[in-house]
Amino acid sequence: MQPYVIDANNGSSVEDFQIRENLITTLKNRFTTYGYKQVRTSTFEYYDLYSTISGTVNKDEMIKVIDSGGKVLVLRPDVTIPITRMIALNKQHLSDNLRLFYMLDVFRQSVEQADEKESTQAGIEYFGENKPEVDSEVIMLAIHTLKDLDFSNFKIEMGHAGFFKELISQTTLSQAEIDQLQILIQSKNIVEMEPFLTSLSINEDVKKAIQMIPLLYGDPAHVIQQAKDIILNDEMEVLLQNLIEVYEVIKDYGVEDSIVFNFGLINNMNYYSGIIFQGFVANVGKPVLMGGRYDNLGEQYGTGMPAIGFAFEVDLLLHALNQQGLSDDQNPSVDMIIYYEKLKQREALSTAFRLREAGYQVLTSLSDTNNTASPTYIVSYEENQNQFLLNGKKTEFSSYADLYELLRDEKGEVT
Ligand SMILES: N[C@@H](Cc1c[nH]c[nH+]1)C(=O)O
């Protein structure tokens, strides 16, 4: 291993970068069509922003830095939290509904994945009402984006953060016990769950309901039926109803085939209060997107406000595109190369300037120079003639206006 090199060959080639940029452009374009506007948050944040609130990133996972005044800073470990804080503090200046998106790096470290400290998230946050129509539109946006990327076999798993919380509120379990239980539910480890639950002092109904949670997975209509059996009180009834209502609107978007219910879903972040969801694509073991409703997070910054959002892990998406052979970069490296003989230099360079002004990507090259680029068009200025070459077909032209006309015709044919 080379010393002092972090991330020596991960996505560092020019081609990889182009594919990544194309992916980001696709995401941005889709977010924009749902009315979202881009924002950014600071890379360095005060540690106190995270350490004083609950439901935040695990403190050991944050990457800390000390500034020259001795203050502890962290590299942005999450985007939802600083955006919520920003909105909560400036609420009076804002209209009722706010749709924001971001493309930002987040920094987290874990013992299991010591090499992966930095990842790019493409996320959206909606601040406004808590309504099934809003939740379903946000989930639709996630689905729409996955469709844009040509993933055919993806699933959105949907659950509700309140379900487990409500069951736990019926018990007096310690945080350590709750954490352990969450791990068992998440990994659907029913074998170990049984003895673990028996060792705890919880009421029999609650125990049965908790045991059922990992099994509440799959086709929504079926899961809804099963879930009815473990409803213990009115609150749980309301949560189930909420999930059903969101699902009903998703059906009207006609994308219910992409939805799976998963009551055992537990996201990384603890700030969720309502619907939660994760997105999965074939051949990738981890979710490529995570999100949910977090209506109470703003309260910790003085203004509670309904909010829902999600974030794609850009590098996981990229990995998935590569895995599924969807990332073949069909794009030519540039639009055009202009080859010229020295004697025609002035004319060739003037043409290059004008075409670049018109937005074409143009390389110029003295005729005897080697060039490895593979353009769509080739233009050559030779002593006795000027030629325009496209798909093996040569056309002579005399002036810039002629050449521009040829390009225009060509574009006209394509579109
Ligand atoms: N910030 C969350 C994703 C999210 C965005 N908005 C709501 N949830 C995460 O990193 O997992």
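All of these numbers come straight from a predicted model, not from anything done at the bench. All chains use their own residue numbering, which begins from 1 and follows the written sequence. Predicted model: local features are reported for residues with pLDDT of at least 70 only, side-chain atom pairs are reported and counted for 80 or more only, and whole-chain, interface and lining totals are derived from all residues. The side-chain figures draw on all heavy atoms in the structure; neither hydrogens nor water molecules are used.

Enquirer: Looking at this model, I keep getting lost on the overall build of the chain. Mind explaining?
Expert: Numbering of helices and strands starts at the N terminus; helices are DSSP runs of H or I of at least 4 residues and strands are runs of E of at least 2. For the chain, the count of helices and strands is 13 helices and 17 strands. With C-alpha atoms as the basis for the radius of gyration, the globule rule is written as 2.2 Å multiplied by the number of residues raised to the power 0.38. For the chain, whose C-alpha radius of gyration is 27 Å, the value lies well above the compact-globule estimate of 22 Å for 415 residues. In terms of overall dimensions, the chain has a C-alpha envelope of 95 × 55 × 50 Å along the principal axes. Taking all contacts inside the chain whose residues are at least 6 apart in sequence as the whole, residues at least 24 apart take part in 67%. Surface accessibility in these figures is a Shrake-Rupley result with a 1.4 Å probe; residues are shielded only by whichever protein chains are displayed. Only carbon and sulfur atoms are counted for the fraction: they give 47% of the accessible area of the chain, which is about 21600 Å². Here the chain contributes 34 positively and 60 negatively charged side chains, and the mean placements of these two sets differ by 5 Å. For this analysis, residues touch if any pair of their heavy atoms sits within 4.5 Å. In this count, Lys and Arg are taken as positive residues and Asp and Glu as negative ones, while His and the chain termini are left out. Every charge is mapped to an atom, namely NZ of Lys, CZ of Arg, CG of Asp or CD of Glu.

Enquirer: What am I meant to see in unusual backbone geometry here?
Expert: Keep in mind that most residues, glycine aside, have a negative phi and that most peptide bonds are trans. Despite not being glycine, Asn-283 has its phi angle at roughly 70°, a positive value. Inspection of the secondary structure puts Asn-283 in the loop between β10 (275–281) and β11 (289–293). In this model, Asn-391 sits at a positive phi of 50°, which is unusual for a non-glycine residue. The topology assignment puts Asn-391 in the loop between β16 (386–390) and β17 (393–397). Accessibility here uses a 1.4 Å probe with only protein chains present; expressed as a share of the type maximum, an area under 20% marks a residue as buried, one over 50% as exposed, and anything in between as partly exposed. Judged by relative accessible area, which is 74%, Asn-391 ranks as exposed.

Enquirer: What's the story with the packing of helix α1 (residues 14–33) against helix α11 (residues 314–323) in this structure? I'm lost.
Expert: For any two helices packed against each other, the geometry is given by the interaxial angle and the distance between the axes. As a packed pair, α1 and α11 sit with axes 11 Å apart at the nearest point and diverge in direction by 115°. The orientation of α1 with respect to α11, classified from their angle, is roughly perpendicular. Here the hand of the crossing between α1 and α11 comes out right-handed. Between α1, through Ile-19, Arg-20, Leu-23, Ile-24 and Leu-27, and α11, the contact on the second element is made entirely by Val-314, Asp-315, Leu-317, Leu-318 and Leu-321. Among the residues forming the contact of α1 with α11, the class breakdown is 8 nonpolar, no polar and 2 charged. Angles here are taken between N-to-C directions and fall from 0 to 180 degrees, while the axes themselves are lines fitted to C-alpha atoms, restricted in helices to the stretch in contact. The scheme is simple: roughly parallel for angles under 35 degrees, roughly antiparallel for over 145, roughly perpendicular for 65 to 115, oblique for anything else. Rotating anticlockwise by less than a right angle from the far helix to the near helix defines a left-handed crossing, while the corresponding clockwise rotation defines a right-handed one. Here the nonpolar group is Ala, Val, Leu, Ile, Met, Phe, Trp, Tyr, Cys and Pro; Asp, Glu, Lys and Arg are the charged ones; every other residue, Gly included, is treated as polar.

Enquirer: What is the right way to read the confidence of the model for the chain from this model?
Expert: A low pLDDT means the predicted coordinates there should not be read in detail. pLDDT expresses, on a scale from 0 to 100, how confident the predictor is about each individual residue. Across the chain, the average pLDDT comes to 89, with 94% of residues at 70 or higher. Per-residue pLDDT, averaged within each element of the chain, yields its smallest value for helix α13 (residues 400–414) (84) and its largest for strand β1 (residues 37–38) (98). Both scores are given for the predicted complex: the pTM is 0.86, the ipTM 0.99.

Enquirer: What should I look at first to understand the sheet that holds strand β4 (residues 72–75) in this one?
Expert: Working definition: the strands of a sheet are paired by backbone hydrogen bonds and lie parallel or antiparallel to each other. Two strands pair under a simple rule: DSSP has to find at least two bridges between them. A sheet is described by the order of its strands in space; here 3 strands give the open sequence β2-β4-β3, paired in antiparallel fashion. The sheet terminates laterally at β2 (44–46) and β3 (64–66), the two strands that pair on one side only. Averaged over all adjacent pairs, the angle separating strand axes in this sheet is 45°, with direction ignored. Two strands pair when backbone bridges link them, and β2 and β4 are joined in this way by 3 bridges, in the antiparallel orientation. Along β4, the bridge assignment pairs Phe-44 with Leu-75.

Enquirer: How do you make sense of the site of the ligand when you look at a structure like this?
Expert: If even one non-hydrogen atom of a residue comes within 4 Å of a molecule or strand, that residue is called near it. Near the ligand there are 14 residues, and of these Asp-78, Thr-80, Glu-125, Tyr-271 and Tyr-272 occur at the shortest range. Contacts described as polar in this section are N or O atom pairs within 3.5 Å, which, within protein, must combine one atom able to donate a hydrogen with one able to accept it, while residues neighboring in sequence count only if both atoms come from side chains. In the environment of the ligand, an oxygen atom lies 3.0 Å from a nitrogen or oxygen atom belonging to the side chain of Gln-121. The side chain of Tyr-272 places a nitrogen or oxygen atom 2.6 Å from a nitrogen atom of the ligand. For the ligand, whose free accessible area comes to 300 Å², the fraction covered by protein is 98%.

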